[in-house]
Amino acid sequence: QVQLVESGGGLVQAGDSLRLSCTASGGTFSNYAMGWFRQAPGKEREFVAAISWSGLRKYYADSVKGRLTISRDNAKNTVYLQMNRLKLEDTAVYYCAARIDFSTAYVDRDLYDYWGQGTQVTVSS
């Protein structure tokens, strides 16, 4: 059973930066495609970014392209989400997710097998 633990969330001002981390345990991290999703109050959980097991394939939601960067360190069992130039609309609970896969990255939340508990990101004006 894979366990995912997110960290790095917090309260920041618009224009600031944050780096979220998600550390996996209980499995072989390099076997997993990883994704970040977010859920704002009253809204559905939406795709943010995804990365393949090798790190060679990355996908981003249009709303975050050029501001957020996903990366991973398989030696540390960790996936990161570097968030720059944060906007008010980035406020949400951010979740990481894992899917056993050796091919590509995935934007569809229903394709992920494991989820973390989430970390809150609040952007104020």
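Quick look at the structure, then. (Residues numbered from 1 in each chain as written. Predicted model: local features only at pLDDT ≥ 70, side-chain atom pairs only at ≥ 80, totals over all residues. Heavy atoms only, no water.)

1. Observations regarding the environment of Tyr60
Here Tyr60 lies in strand E6 (residues 58-60). In this structure the C-alpha to C-alpha distance between Tyr60 and Leu111, which are 51 residues apart in sequence, comes to 16 Å. Setting aside residues up to four positions removed in sequence, Tyr60 forms contacts with Phe47, Val48, Ala49, Lys65, Leu68, Thr69 and Ile70. Within the structure, the side chain of Tyr60 is placed 3.0 Å from the backbone nitrogen of Ile70, a separation counted as a polar contact. (Helix = DSSP H or I, 4+ residues; strand = E, 2+ residues; numbered from the N terminus. Contact = heavy atoms within 4.5 Å. Polar contact = N/O pair within 3.5 Å; in protein donor to acceptor, adjacent residues only side chain to side chain.)

2. Digging into unusual backbone geometry
Unlike most non-glycine residues, Asn77 shows phi in positive territory, near 55°. Note on placement: Asn77 falls in the loop between strand E7 (68-73) and strand E8 (78-83). Even without being a glycine, Arg85 presents a positive backbone phi close to 50°. Assignment of secondary structure puts Arg85 in the loop between E8 and strand E9 (92-100).

3. Notes on the pairing of strand E4 (residues 32-39)
Most of E4 sits out of view: 7 of its 8 residues are buried. When E4 meets E9, the two strands line up antiparallel, connected through 8 bridges. Its bridge partner being in E9, Gln39 is matched across the sheet by Val93. The pairing of E4 with strand E5 (residues 46-51) spans 5 bridges and is classified as antiparallel. Residue pairing in the sheet places Met34 in a bridge with Ile51 of E5. Between E4 and E5, which pair antiparallel in sequence order, lie 6 residues; one of them, Gly42, sits at a positive phi of approximately 80°. (Buried < 20%, exposed > 50% of the residue type's maximum accessible area, 1.4 Å probe, protein only. Pairing = 2+ DSSP bridges.)

4. Things to note about the side chain of Thr119
By the secondary structure assignment, Thr119 is in strand E11 (residues 119-124). Residue classification places Thr119 among the buried positions, given a relative accessible area of 12%. For Thr119, the side chain forms a polar contact with the main-chain nitrogen of Gly9, separated by 3.2 Å.

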